[in-house]
Amino acid sequence: MTRKRDGGRPPWLAFVTALLALVLVAAACGNDDDSDVSPTTEAVSESESDAGDGSAVAPEPEDDGGAVAPEPEDDGDTPEPEGEDGTLRYFSMWNEGEPQQEVLQGIIDSFEEDTGVEVDVLWAGREVLTSVRAALSAGDPVDLIGFEAEPLAGALVNTGETRSLASVLEQQIPGEDVMVGDVIPSSFLDIYAVDGEPHIMPYVVNSSGIHYDGRRLTELGIERPKTWDEFIAASLAAGENAVQHDGLINFYNAYWLYWLIVRHGGPGAFNAAASDPTGEAWRSDAIAGAVEDLVELVESGALAEGYEGSNWPIAQQEWANGNGTFNINGTWLASETASYSSEGFEYRLLPFPTTEGGFESAEVYQIGWVVPQAADSPRAAQDFIAYALNSERLAGMVDVAKNLVPRSDIGVPPDLQDAVDMLAASPAGHRPYDGVQGDYPEYWIEFMLLDDQLFFGQISGEEFIDRIAAKTAEYWDSQ
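Since we're looking at a predicted model, the values are computed, not measured. (Residues numbered from 1 in each chain as written. Predicted model: local features only at pLDDT ≥ 70, side-chain atom pairs only at ≥ 80, totals over all residues. Heavy atoms only, no water.)

Draft legend 1. Region of interest: the packing of helix α10 (residues 250-265) against helix α12 (residues 285-300). Interhelical geometry of α10 versus α12 gives an angle of 135° and a closest axis separation of 8 Å. Taken together, the axis directions place α10 and α12 in an arrangement best described as oblique. In the packing of α10 onto α12, the handedness of the crossing is right-handed. Counted together, W256, L257, L260, I261, H264 and G265 of α10 and A286, I287, G289, A290, V291, D293, L294 and L297 of α12 form the full contact between these two elements. Looking at the contact of α10 with α12 residue by residue, the class counts come to 10 nonpolar, three polar and one charged. (Axes fitted to C-alpha atoms, helices over the stretch in contact; angles between N-to-C directions. Helix = DSSP H or I, 4+ residues; strand = E, 2+ residues; numbered from the N terminus. Parallel < 35°, antiparallel > 145°, perpendicular 65-115°, else oblique. Left-handed = near helix turned anticlockwise from the far one by under 90°. Contact = heavy atoms within 4.5 Å. Nonpolar A, V, L, I, M, F, W, Y, C, P; charged D, E, K, R; others polar.)

In structure tokens, the structure reads:
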């Protein structure tokens, strides 16, 4: 039985208002930044791959004299946790040497120096939840966990294993005269709230769409497509290997149908189909249209030959080297491919194409922290969160790791300007995979198995709908 969260019905008006403020102010900050910052940053599943996390093949950050994580002046008021042993046990999704890891290590070093709290950190990579579960099962407490919000929600928040972070919002950020709640928009927190209280504190915000080299479209004489029909036409006009895709990454395959369902049916349509105990919601006109569009892409020949067996990062390497035109991915793609992209590559991003009579919305994908119920040092964990959200410290995630962050007063990496514009223009927002991965993690695995068969052309659209409807009813009958 899963725990009820407020995230199934996010308040989109408040969400979009806060998002507009975030991206517009951030863009203004970014435009004033004269530093030379270039390219940006899922593994959505902890056990599948390091693909799509914005770091696995990212270039080494330039040596800026130790400014990976700037240390602002502290007024010395940061309290040492009371009643605790002065040690914080932190499990993180990053691997040693990744830009995000280096930024966080700098923050950890300064936190230890300023507070006297020792941080025992495990850089566990994308298997972090496996490491967390093993530690908790062995009665070995973990105080702080950093990972992608959807898997955190599915594995820990929904099962009642995390603490409320409401008190963190009332903490003053060390080195600044503001509270955490003053700078982290409630719209981000509300998505993963439990009984109205936040359980995930974000420090990175991403999205997804269709990436391309701006120079290439110009050279090919192709207009930037906006609708699905225009995208198919542009892909066919682009010629061989128009759409590069690593088909062995099943959560990348799922991007196409999930996005098409959200475009045809609106935010919540995919989630509603997944949660229908009868399975009959899969037979809606909106989903039929989405499946038809995906079949059109598969049968068009636009996908690069052999995409079914392409293993990450082969397809995105080919794309970045100019052997392809489009690649669907997260906003971390520029960061991941910067070390091997062709000279002068112009990173651009298309919002996922619209459909006739459909809906417009933007995906908001968060990476954040949770504090487990079983934590030995929850106060130290909360103090670290407040400390790390200082604007100068968090700026390392922009300047070094090339990510967007939830604070509106921190700049934007230049190669993410299209993403900022996309978020600002969107009339609504939705969770990654419309929340299906986070809300129903076991079902999500079953969905991806059938989605792969459809995306590889192994079954027809009608067969897919029949099978996923039956699988959905079977899944809910077993709960």
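Draft legend 2. Seen up close, the pattern of salt bridges. A full pass over the atoms with the stated rule returns 17 salt bridges. Between R407 and E176 there is a salt bridge; the shortest N-O distance is 2.8 Å. Linking R407 in the loop between α17 (396-399) and α18 (417-425) with E176 in the loop between α5 (166-169) and α6 (180-183), this pair joins segments that are 231 residues apart in sequence. There is no split in this pair, since R407 and E176 are both buried. Residue K471 pairs with E446 through a salt bridge whose shortest N-O separation is 3.8 Å. One end of the pair, K471, is in helix α21 (residues 461-477); the other, E446, is in helix α20 (residues 441-455), with 25 residues separating them in the sequence. (Salt bridge = Lys/Arg side-chain N within 4 Å of Asp/Glu carboxyl O. Buried < 20%, exposed > 50% of the residue type's maximum accessible area, 1.4 Å probe, protein only.)

Draft legend 3. Seen up close, the pairing of strand β9 (residues 365-370). Judged by how many residues are buried, β9 sits mostly within the fold: six of six residues are covered. Neither face of β9 is left uncovered, since the one carrying Y365, I367 and W369 and the one carrying Q366, G368 and V370 both have all their residues buried. Where strand β3 (residues 144-148) lies against β9, four bridges are found, and the strand directions are antiparallel. Bridged to E148 within β9 is I367. With five bridges joining them, strand β4 (residues 201-206) and β9 adopt antiparallel strand pairing. Of the residues in β9, the one forming a bridge with P202 is G368. (Pairing = 2+ DSSP bridges.)

Draft legend 4. The arrangement of empty space enclosed by the protein in detail. Counted as a void, the largest cavity has a volume near 80 Å³. Together, 11 residues line the largest cavity, and H211, R348, L349, D415 and L416 are the ones closest to its centre. Of all the secondary structure elements, the ones that give two or more residues to the lining of the largest cavity are β7 (347-350) and α18. Take the lining of the largest cavity: its biggest share by element is three residues, from β7. Considered class by class, the residues forming the lining of the largest cavity number five nonpolar, three polar and three charged. (1 Å grid on protein atoms, 1.4 Å probe; cavity = no way out; pocket = protein on both sides within 12 Å on 5 of 7 lines; lining within 4 Å. Points joined across faces, edges and corners; volume = space filled by probe spheres on them.)

Draft legend 5. Layout of the nonpolar core. Judged by nonpolar contacts, the single largest core of 125 residues is most densely connected at W256, W282, F447 and F464. By residue number, the principal contributor to this core is α10, which donates 11 residues. Split by domain, this core shows at least three residues from each of two domains, domain 1 (79-206 + 366-407) and domain 2 (208-363 + 420-477). Residue contacts for F447: discarding those within four places in its chain leaves A254, L257, F270, W282, F464 and I468. Among the nonpolar cores identified, the runner-up in size contains 12 residues, and A362, V412, M422 and L423 belong to it. (Core = buried A, V, L, I, M, F, W, Y, C linked by side-chain atoms within 4.5 Å. Domains from an automatic or database assignment.)

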